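For reference, the chains in residue letters:
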Amino acid sequence: MSKNYSKWLLVSDIDGTLNNKQRQTPKCNITAVERFTSNGGNFTLCSGRNLASLSPQYKKLKTTTPAICLNGAGIYDFIDDKTIYYKPISVEGEKVILDLINKYKSLQLTVFDMETIYLYNRTCFYGFVVSLLDGIKRKLCLKEFDLPKGQWGKATIFGLPSVCKKIESVLKSDENIKHLDCFFTSPVSLEIVGKGVNKGSAVSKLAEFISVNPENVAAIGDYYNDVAMLESVAHPVCCGQAPDDIKKLCEYVTCHCDDGAVNEFINYIEKNYI
C-alpha cells in the first residue's frame, strides 16, 4: 500500500531549528524537505521573522505550502503571492507598549510589519543588527508618530533580563492581558503580539485552510516562542538543545539543530506515522 503524504502537514521553526546556530541550513534538512514534498507532503515554516526575512528561507525549500510569519500574526501564500491572514497588535496594545518604553529608558523597541523593521530611537542596536543579518528594510523612528499605527505585526523589547521580567509581569496584568500576549525569545528579548496571536493558533488556521486533519499535524521548535505551536499539534517535536521544560512537552527530541534536526524530525514522522 502506498503511503499518503498529502494528508500530513509538517511545520518547522527557522532559527535554531531548520537553521543551525550559524544561521545556515544543513544540507540534510533541505534534502529531507525536498523528499517529503516530492511525495506530496505539506511542509512549511513558522517563524518570528517577518515576511521579508522569511522569504529567502522559504524559497530555498521545494515547498508550496503557505508560511507563517511574525510568530503567528501573518500567514502568506508564496505561490499566489497574497496574504491569507494578518492580525496586527491593536492600537490600545501599541499604547501599552509605548508607555512602558517611555517609562523604562534602558529598553530598546523594534516594531515589525510584514516587510519592514522600525527602530524606535537611535539606541535600538538589537533591531539594527537583525535588519543587517536578515537584509530587511529598516526605518528609524525618532518619535512615536513615525511608527506605523495599526500595523504592528509584533514588537520586540530588548533589555536586561531583570527589566524584561518586570515588563513581562506588567504585560500579563489583568489590565493589559486583554490586549497583548508576550513570550521570551532569549533571556534579553521579549516579543509581544496581539491578544490570541501565537504560532499554535496560526498552525491550526493553516491546517484548516489546506484541509489537513489536526491528528496529522506535526511541528518542531526549540524555544519558548514555540510552546503554543508544540501544544497545539498532535505530534510535537523539539531540537536537542531545547530547554528541558520544552522537551517535556514533546513526544520526540531530535539531535542538536547543528546536526540536522529537521532531517531527523521528518524521518521520525515518516517512520512512525506515514
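First things first, this report covers the structure right here in the doc. (Residues numbered from 1 in each chain as written. Predicted model: local features only at pLDDT ≥ 70, side-chain atom pairs only at ≥ 80, totals over all residues. Heavy atoms only, no water.)

**As for the layout of surface pockets**
To keep things clear, this is the line we draw: Using a grid of 1 Å spacing that covers the protein atoms alone, one calls a set of points a cavity when a 1.4 Å probe fits there but cannot get out, and a pocket when the set is open and has protein on both sides within 12 Å along at least five of seven lines; lining residues are those with an atom within 4 Å of a point. Grid points are joined across faces, edges and corners, and a volume is the space filled by probe spheres set on the points. Secondary structure elements are taken from DSSP: a helix is a run of H or I of four residues or more, a strand is a run of E of two residues or more, and numbering for both begins at the N terminus. Each residue is assigned to one of three groups, with Ala, Val, Leu, Ile, Met, Phe, Trp, Tyr, Cys and Pro labelled nonpolar, Asp, Glu, Lys and Arg labelled charged, and all others, Gly among them, labelled polar.
By volume, the largest pocket is sized at about 760 Å³. Lining the largest pocket we find 35 residues, and of these D15, R23, Y126, T185 and E191 sit closest to its centre. Broken down by secondary-structure element, the contributors of at least two residues to the lining of the largest pocket are α1 (14-18), α5 (125-134), β9 (154-158), β10 (180-186) and β11 (189-194). In terms of residue count, α5 provides more of the lining of the largest pocket than any other element does, six residues in total. Across the lining of the largest pocket, the residue classes break down as twelve nonpolar, twelve polar and eleven charged. The computed volume of the second largest pocket comes to approximately 210 Å³. Lining the second largest pocket are 15 residues, with D181, C182, F183, N198 and A228 positioned closest to its centre.

**Brief notes about the environment of S169**
Under the convention used in this document: Using a 1.4 Å probe on the protein chains alone, a residue whose accessible area is under 20% of its type maximum counts as buried, one over 50% counts as exposed, and one in between counts as partly exposed.
Mapped onto the secondary structure, S169 falls in helix α6 (residues 161-171). Relative accessible area serves as the criterion here: at 51%, S169 is assigned to the exposed category.

**Points about the sheet that holds strand β4 (residues 74-77)**
Each strand in a sheet pairs with its neighbour through backbone hydrogen bonds, running either in the same direction (parallel) or in the opposite one (antiparallel). We apply this condition: Should DSSP find at least two bridges between two strands, the strands are regarded as paired. For every element, the axis is a line fit to its C-alpha atoms; helices are fit only across the contacting stretch, and the angle between N-to-C directions ranges from 0 to 180 degrees. Contact between two residues is taken to exist if any of their heavy atoms lie within 4.5 Å; hydrogens are not considered.
Across the sheet, which stays open at both edges, the three strands sit in the order β3-β4-β5 with antiparallel pairing between neighbours. A strand with exactly one partner marks an edge of an open sheet, and here the two such strands are β3 (67-69) and β5 (82-86). With direction set aside, neighbouring strand axes in the sheet form an average angle of 25°. Across four bridges, β4 lies against β5 in antiparallel orientation. Residue pairing across strands places I75 opposite Y85, the latter belonging to β5. Across the face of the sheet, helix α3 (residues 51-59) comes into contact with β3 and β4 while running at roughly 145° to β3.

**Considering helix α7 (residues 199-209)**
Defined as follows: Polar contact is defined as a pair of N or O atoms within 3.5 Å, subject to the rule that within protein one atom must be able to donate a hydrogen and the other to accept it, and that residues adjacent in sequence are counted only when both atoms are side-chain atoms.
Burial in α7 covers these residues: K199, G200, S201, A202, V203, L206 and A207. Near the N-terminus of α7, the side chain that reaches the backbone nitrogen of G200, with its oxygen 2.9 Å away, is that of N198. At the C-terminal side of α7, S211 shows a positive phi close to 60°.

**Observations regarding unusual backbone geometry**
Of note in this structure, L70 is not a glycine but carries a positive phi near 55°. As for its position among the elements, L70 is in the loop between β3 and β4. Positive phi, close to 55°, is recorded for D81, a residue that is not glycine. In this structure, D81 sits in the loop between β4 and β5. Residue D81 is classed as exposed on the basis of its relative accessible area of 56%.

**Observations regarding the pattern of salt bridges**
Basically, it comes down to this: For this analysis, a salt bridge means a side-chain nitrogen from Lys or Arg found within 4 Å of a carboxyl oxygen belonging to Asp or Glu.
Applying the stated rule across the entire model yields twelve salt bridges. A salt bridge links D15 to R49; its shortest N-O distance comes to 2.6 Å. Placement of D15 in helix α1 and of R49 in the loop between β2 (42-45) and α3 is noted, with a sequence separation of 34 residues between them. Between R35 and E270 there is a salt bridge, with its nearest N and O atoms 2.6 Å apart. Here the residue R35 occupies a position in helix α2 (residues 27-38), and E270 occupies one in helix α10 (residues 261-273), the gap between them amounting to 235 residues.

**Considerations on the pairing of β9**
Most of β9 is tucked away: four of the five residues are buried. With five bridges connecting them, strand β6 (residues 108-112) and β9 associate as antiparallel partners. Within β9, the position partnered with T110 by the bridge is T156. Examined bridge by bridge, β9 and β11 share four bridges and lie antiparallel to one another.

**Some details on the environment of V237**
Within the fold, V237 resides in strand β13 (residues 235-238). C-alpha of V237 to C-alpha of A261: the two residues are 24 residues apart in sequence and 9.7 Å apart in space. Beyond its immediate stretch of four places on either side in the chain, V237 contacts A219, I220, G221, L230, C250, Y252, T254, F265 and Y268.

**A look at the sheet that holds β10**
Spatially, six strands are ordered β8-β7-β6-β9-β11-β10 in an open sheet, and the strand pairing comes out mixed. Strands at the two margins of the open sheet, each flanked by one partner only, are β8 (137-141) and β10. For this sheet, the mean angle separating the axes of adjacent strands, direction not counted, is 25°. Pairing of β10 with β11, which is carried by six bridges, proceeds in the antiparallel orientation.

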